[in-house]
Amino acid sequence: MSNPYLVTSAKQLRVIASPGREEIFDMAALIGPCSITQLGNALGRSRNSLYYHVRALRDCGLLIETRRSGEGKKTTAYYDPPGRPLAVHFDLSTNERKRAVIALARARIRSAARGFERACRPGAVKVEGSHRDLWATHLKGWLSKDELKKVNELFARLIHLVGRSGGESVHSKRGYEFTFVLAPILPRK
């Protein structure tokens, strides 16, 4: 699947804002249709710790369950997202939707911090040069409407490049997570 899946419901936003669930979704998107055992191995977590979360993702439509049976083996459930990458519609029209969007943003920022911390191992990452793969940057600046349009075009290119994976051969690739926040600077209320 190479079509993005657009999340529009507040319920789906709340489900992926729960700790660890977006990580489960992301891993299923990366490794393709997979069993809970395969998800657990890829995440470094026991499969027993995943059942509840996978069921919640499945029940709200964020994971599609299929069943496969092998010769002499029992049927195994496999999970795959309904599309790649996951795209979220930030609907701020009601307080419920606004709270769901903010909860998702907080969960994503916490997840990015955990991923960054896990990656901070000497010799495991590059911190300079053209193959640098560890960044944590914070900037504030002024953008015109045309510059903001260019920023969004660059984000769209990055999202496409990073988010297009899943189900393809990954033998010569390394997994990466990409989190960013872009927000206008507004006065406090």
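Whatever comes next refers back to the structure up there.
Residues numbered from 1 in each chain as written. Predicted model: local features only at pLDDT ≥ 70, side-chain atom pairs only at ≥ 80, totals over all residues. Heavy atoms only, no water.

Participant: When you look at the packing of aromatic side chains in this model, what are you seeing that I'm missing?
Facilitator: Each pair of aromatic rings is reported with the distance of its centres and the angle of its planes. In this structure the tally under the stated criterion is two aromatic pairs. Centroid distance F155 to F180: 3.8 Å. Interplanar angle 10 degrees. Geometry classified as stacked. With F155 in helix α6 (residues 145-163) and F180 in the segment after α6, this residue pair connects regions lying 25 residues apart in the sequence. Using a relative accessible area of 33% as the deciding quantity, one classes F180 as partly exposed. Ring centres of F178 and F180 lie 5.2 Å apart, and the angle between their planes is 45 degrees; this geometry places the pair in the tilted category. On the basis of relative accessible area, F178 is assigned to the partly exposed category, the value being 38%. (Phe/Tyr/Trp six-rings, centres within 6.5 Å; stacked < 30°, edge-to-face > 60°. Helix = DSSP H or I, 4+ residues; strand = E, 2+ residues; numbered from the N terminus. Buried < 20%, exposed > 50% of the residue type's maximum accessible area, 1.4 Å probe, protein only.)

Participant: Would you take a moment to explain the environment of G61 for this structure?
Facilitator: Note that G61 resides in the loop between α4 (51-59) and β2 (64-68). Relative accessible area serves as the criterion here: at 24%, G61 is assigned to the partly exposed category. Contacts of G61, omitting those with residues within four sequence positions, involve Y5, Q12 and P82. (Contact = heavy atoms within 4.5 Å.)

Participant: Please explain the pattern of salt bridges as it appears in this structure.
Facilitator: Two side chains of opposite charge can pair, provided their charged atoms sit close to one another. For the structure shown, the criterion picks out 11 salt bridges. R14 is paired through a salt bridge with E96; the nearest N and O atoms lie 3.0 Å apart. Of this pair, R14 sits in helix α1 (residues 10-16) while E96 sits in helix α5 (residues 95-119), and the two are 82 residues apart along the sequence. We classify R14 as partly exposed; its relative accessible area is 42%. Looking at E96, the relative accessible area reads 42%, which means it is partly exposed. For R67, the salt bridge is made with E65, and the minimal N-O distance between the two is 3.3 Å. (Salt bridge = Lys/Arg side-chain N within 4 Å of Asp/Glu carboxyl O.)

Participant: Even after reading the chapter, I still don't get the layout of surface pockets, so can you show me in this structure?
Facilitator: In this structure, the second largest pocket spans a volume of roughly 330 Å³. As for the second largest pocket, its lining consists of 16 residues, and the residues nearest its centre are I36, Y51, T75, T76 and A77. Within the residue set of the lining of the second largest pocket, elements represented by two or more residues are α3 (36-43), α4, β2 and β3 (76-80). Sorting elements by how many residues they give to the lining of the second largest pocket places α4 first, with four residues. In terms of residue class, the lining of the second largest pocket is made up of five nonpolar, four polar and seven charged. (1 Å grid on protein atoms, 1.4 Å probe; cavity = no way out; pocket = protein on both sides within 12 Å on 5 of 7 lines; lining within 4 Å. Points joined across faces, edges and corners; volume = space filled by probe spheres on them. Nonpolar A, V, L, I, M, F, W, Y, C, P; charged D, E, K, R; others polar.)

Participant: For this particular structure, what's the right way to read α3?
Facilitator: One turn of the α-helix equals 3.6 residues, which is why residues spaced by three or four share an orientation. Regarding α3, the residues found buried are I36, L39, G40 and L43. The arc that holds the buried residues of α3, viewed along the axis, is 100 degrees, so those residues lie on one side. Tucked into the core, α3 has its buried residues touching α2 (21-31), α4 and β3. Positive phi appears at G44, one or two residues downstream of α3, with a value of about 70 degrees. (Arc of directions from axis to C-beta.)

Participant: Would you take a moment to explain the side chain of D133 for this structure?
Facilitator: Position of D133 relative to the elements: it lies in the loop between α5 and α6. By relative accessible area, which is 17% here, D133 ends up buried. From its side chain, D133 meets the backbone nitrogen of K126 in a polar contact 2.7 Å long. Setting aside its immediate chain neighbours within four residues, D133 contacts V125, K126, R174 and Y176. (Polar contact = N/O pair within 3.5 Å; in protein donor to acceptor, adjacent residues only side chain to side chain.)

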